Amino acid sequence: MKWGTYDMKFAKNSALALVFSMALVVTGCGQKAPAAEPDASTSTAASTPAETEQKLNVQVSFYPMYEFTKNVAGDLADVHTLVPAGMEPHDWEPTPQDMASIEKADVLVYNGAGMESWIDQVKDSLSSSKLIQVEASQGISIREGGEEEEHEHDHDHDHDHADEAASGEHDHADDAGAKDGHDHAEASSEEHDHDHDHDHGGLDPHVWLSPALAIKEVRNIEAGLAKAAPQHADQFKQNADAYVAKLEALDQDFKAAVKDSKRKDFITQHEAFAYLAQEYGLQQVPIAGLSPEQEPSAAQMASVIDFAKEHKVKTIFFETLVSSKVSDTIAQEVGAKTAVLNPIEGLTEDEVKAGKDYISVMRENLEALKLALNE
């Protein structure tokens, strides 16, 4: 396992600069289809454009953005994921072919909040002035990560998005100490400038793991697609409404499941579930920080082991796409079992073949949590 944090990508500025310059001279590059991209037939959205009308060309950063975008777009867009299935998105960097694909796209959808460490340099290199850029987390109050889940951070994050679906100026004010941990207001239409710190104490991008915040991301994507193809705005809204209804049902099921649970704390391999914990009154106890590949210190390991013993924790959660070695070590130390709590940063090849999607995996997470919280 290697050490890694979000801002390590920026340490490769010279290499990325070479990639970006090469992309501008790439010719004959068609759209890059990611390996084993989820089957579009699994989309629940139903819409049929006129046969003579060209579909929108939409590039998205990684899996949750694909899932949300495809369900809003339906048959009105060709949606392609930049990060291939089975790859941990923090490890990914754009190739010249990826840059050429983005240049040719009508819409670029990304999560933001520090998830895509390469996004600012990609945007700076683009020559297309017509590309609609949609930051799905726009308007959501972004929390800071850290070793202490209950620690409060008071600060503002200024951001700048010149070509996003919802343009204008607003702050991502961190409300980690607020009652529900985030702002439920609709996405602001203000212009803002990303200045993110991607280290262990940086911004937490995992907003999609809260169904309530996933709804806001879907609505931002709807606005972006409507800006790119205003003639289909009504259809995008109909598709988004249908998918949001499923997310609302998921949200209600999470609320019901944890309401009377025996315990409210759970131990995770990395700090990905803070938004979910805040939404439902739970306490996440992460072994390591925001980066899934960050190895915990000896002190962190000892602290989690002490917590597990004191609170008689019977399940230690690990995740797909990265090694479970750390979780296994702690589980053996405290006599607990391990189970998967999936941050859904990407689907494995097997998950794709099995037809799994965001909602089905989140329901698996819900069942895993229900068992752990009632042991």
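What you are looking at is a predicted structure, and each value in this text was computed from that prediction instead of being measured.

Asker: An account of the pairing of strand E7 (residues 315–318) is requested, with residue identities and associated values reported.
Answerer: Neither face of E7 is exposed, since Thr315 and Phe317 on one face and Ile316 and Phe318 on the opposite face are all buried. For the segment spanning E7, helix H9 (residues 325–334) and strand E8 (residues 337–340), crossover handedness is right-handed.

Asker: I'd love a proper account of the environment of Gly114, names of residues and values included.
Answerer: Tracing the sequence through the fold places Gly114 in the loop between strand E3 (107–110) and helix H4 (119–125). A relative accessible area of 4% places Gly114 in the buried class. Each C-alpha atom of the pair Gly114 and Asp204 lies 7.3 Å from the other, and the pair is 90 residues apart in sequence.

Asker: Tell me about the nonpolar core, residues and numbers included.
Answerer: Where a protein is soluble and globular, its nonpolar side chains tend to be buried together. In terms of nonpolar packing, the biggest core is built from 72 residues, with Val58, Phe68, Leu225 and Tyr358 touching the most fellow members. Dropping the residues within four chain positions of it, Tyr358 is found in contact with Tyr63, Glu67, Phe68, Trp208, Leu209, Ser210, Pro211, Ala214, Tyr243, Leu247, Leu250 and Ile344. Counting 15 residues, the second-largest nonpolar core is a separate cluster that includes Val304, Phe307, Ala308 and Val313.

Asker: Account for the pairing of strand E6 (residues 283–286), with residues named and values stated.
Answerer: Two strands pair when backbone bridges link them, and strand E5 (residues 265–268) and E6 are joined in this way by four bridges, in the parallel orientation. Residue Asp265 lies in a different strand from E6, and its bridge partner there is Gln283. Between the parallel elements E5 and E6, the chain passes through helix H7 (residues 274–280) in a crossover that is right-handed.

Asker: Give a description of the pattern of salt bridges that names residues and reports values.
Answerer: If you walk through the whole model with that rule in mind, you get 12 salt bridges. Residues Asp241 and Arg219 are paired through a salt bridge, measuring 2.8 Å at the closest nitrogen-oxygen approach. Linking Asp241 in helix H6 (residues 233–259) with Arg219 in helix H5 (residues 211–228), this pair joins segments that are 22 residues apart in sequence. We classify Asp241 as partly exposed; its relative accessible area is 29%. Take Arg219: its relative accessible area is 24%, and that puts it in the partly exposed class. For the salt bridge of Lys309 with Glu333, the shortest nitrogen-to-oxygen distance reads 3.8 Å. One end of the pair, Lys309, is in helix H8 (residues 298–310); the other, Glu333, is in helix H9, and 24 residues separate them in sequence. Overall, the relative accessible area of 47% leaves Glu333 in the partly exposed class. Counted as one network, the salt bridges with shared partners bring together Arg219, Glu222, Lys237 and Asp241.

Rules behind the numbers
- Residues numbered from 1 in each chain as written.
- Predicted model: local features only at pLDDT ≥ 70, side-chain atom pairs only at ≥ 80, totals over all residues.
- Heavy atoms only, no water.
- Buried < 20%, exposed > 50% of the residue type's maximum accessible area, 1.4 Å probe, protein only.
- Helix = DSSP H or I, 4+ residues; strand = E, 2+ residues; numbered from the N terminus.
- Right-handed = clockwise from strand over helix to strand, strands pointing away.
- Core = buried A, V, L, I, M, F, W, Y, C linked by side-chain atoms within 4.5 Å.
- Contact = heavy atoms within 4.5 Å.
- Pairing = 2+ DSSP bridges.
- Salt bridge = Lys/Arg side-chain N within 4 Å of Asp/Glu carboxyl O.

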